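Results of the structural survey
Given next are the chains, with one letter for each unit.
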Amino acid sequence: MDQVQVRSLRDVIAVLIEQRNIVRAANASFAAHLLDLAIMQLRLNVNDISAEELTGLSDFVGAEFARDKSSH
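What comes next is a walk through the structure. Only a predicted model underlies this, so the values are computations on that prediction, with no experimental measurement involved.

Scoring rules and cut-offs
- Residues numbered from 1 in each chain as written.
- Predicted model: local features only at pLDDT ≥ 70, side-chain atom pairs only at ≥ 80, totals over all residues.
- Heavy atoms only, no water.
- Helix = DSSP H or I, 4+ residues; strand = E, 2+ residues; numbered from the N terminus.
- Rg over C-alpha atoms; globule rule 2.2 N^0.38 Å.
- Lys, Arg positive; Asp, Glu negative; His and termini not counted.
- Charge placed at Lys NZ, Arg CZ, Asp CG, Glu CD.
- Expected span 1.5 Å × (residues − 1).
- Buried < 20%, exposed > 50% of the residue type's maximum accessible area, 1.4 Å probe, protein only.
- Contact = heavy atoms within 4.5 Å.
- Polar contact = N/O pair within 3.5 Å; in protein donor to acceptor, adjacent residues only side chain to side chain.
- Axes fitted to C-alpha atoms, helices over the stretch in contact; angles between N-to-C directions.
- Parallel < 35°, antiparallel > 145°, perpendicular 65-115°, else oblique.
- Left-handed = near helix turned anticlockwise from the far one by under 90°.
- Nonpolar A, V, L, I, M, F, W, Y, C, P; charged D, E, K, R; others polar.

1. A closer look at the overall build of the chain
Along the backbone of the chain there are 3 helices and 0 strands. Rg of the C-alpha trace for the chain: 16 Å, well past the compact-globule value of 11 Å for 72 residues, more than 25% over. Across its three principal axes, the chain shows a C-alpha extent of roughly 45 × 35 × 15 Å. One finds the centroid of the 7 positive side-chain charges in the chain at a distance of 7 Å from the centroid of its 10 negative side-chain charges.

2. Regarding helix α1 (residues 3-25)
An ideal rise of 1.5 Å per residue puts 33 Å on 23 residues; α1 measures up with 33 Å between its terminal C-alpha atoms. Those residues of α1 not exposed but buried are Val6, Leu9, Ile13, Leu16 and Arg20. Buried positions along α1 lie against α2 (29-46). N-cap assignment for α1: the residue whose side-chain oxygen lies 3.1 Å from the backbone N of Val4 is Asp2. In the segment just after α1, Asn27 is the residue with positive phi, at about 60°.

3. A closer look at unusual backbone geometry
Although it is not a glycine, Asn27 sits at a positive phi angle of roughly 60°. Turning to its location among the elements, Asn27 is positioned in the loop between α1 and α2. The class of Asn27 is exposed, set by a relative accessible area of 70%. In this model, Asp48 sits at a positive phi of 55°, which is unusual for a non-glycine residue. Along the chain, Asp48 turns up in the loop between α2 and α3 (51-70). Looking at Asp48, the relative accessible area reads 67%, which means it is exposed.

4. As for the packing of α1 against α2
Here α1 crosses α2 at 165°, and the two axes come no closer than 9 Å. With respect to their mutual orientation, α1 and α2 come out roughly antiparallel. Relative to α2, the crossing made by α1 is left-handed. Contacts from Val6, Leu9, Arg10, Val12, Ile13, Leu16, Ile17, Gln19, Arg20, Val23 and Arg24 in α1 reach Ala31, Ala32, Leu35, Asp36, Ala38, Ile39, Leu42, Arg43, Asn45 and Val46 in α2. Of the residues that constitute the contact of α1 with α2, the class distribution is 14 nonpolar, 2 polar and 5 charged.

Rendered as C-alpha cells:
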C-alpha cells in the first residue's frame, strides 16, 4: 500500500471515529459497535496485519486472560 492510500485510510478512520463518538453519545451502542469494527478493519489494513496474525494475538490474549482468571 502506498503512502497516499495509507493517508486516505487514516483520514477515513478519523472520520469514522468522529461518527462513532456521535452515535455513542446518542446511545446507539450497536451502531457504535459496527463503526468500531469498521475502524478495526481499516487499522488492520493500514498496518498490514493479516487475519492469521489477529487470530494468533486473540488466542494469546485469551489464554493469558484464562490463566490470570484461574490464578485468582
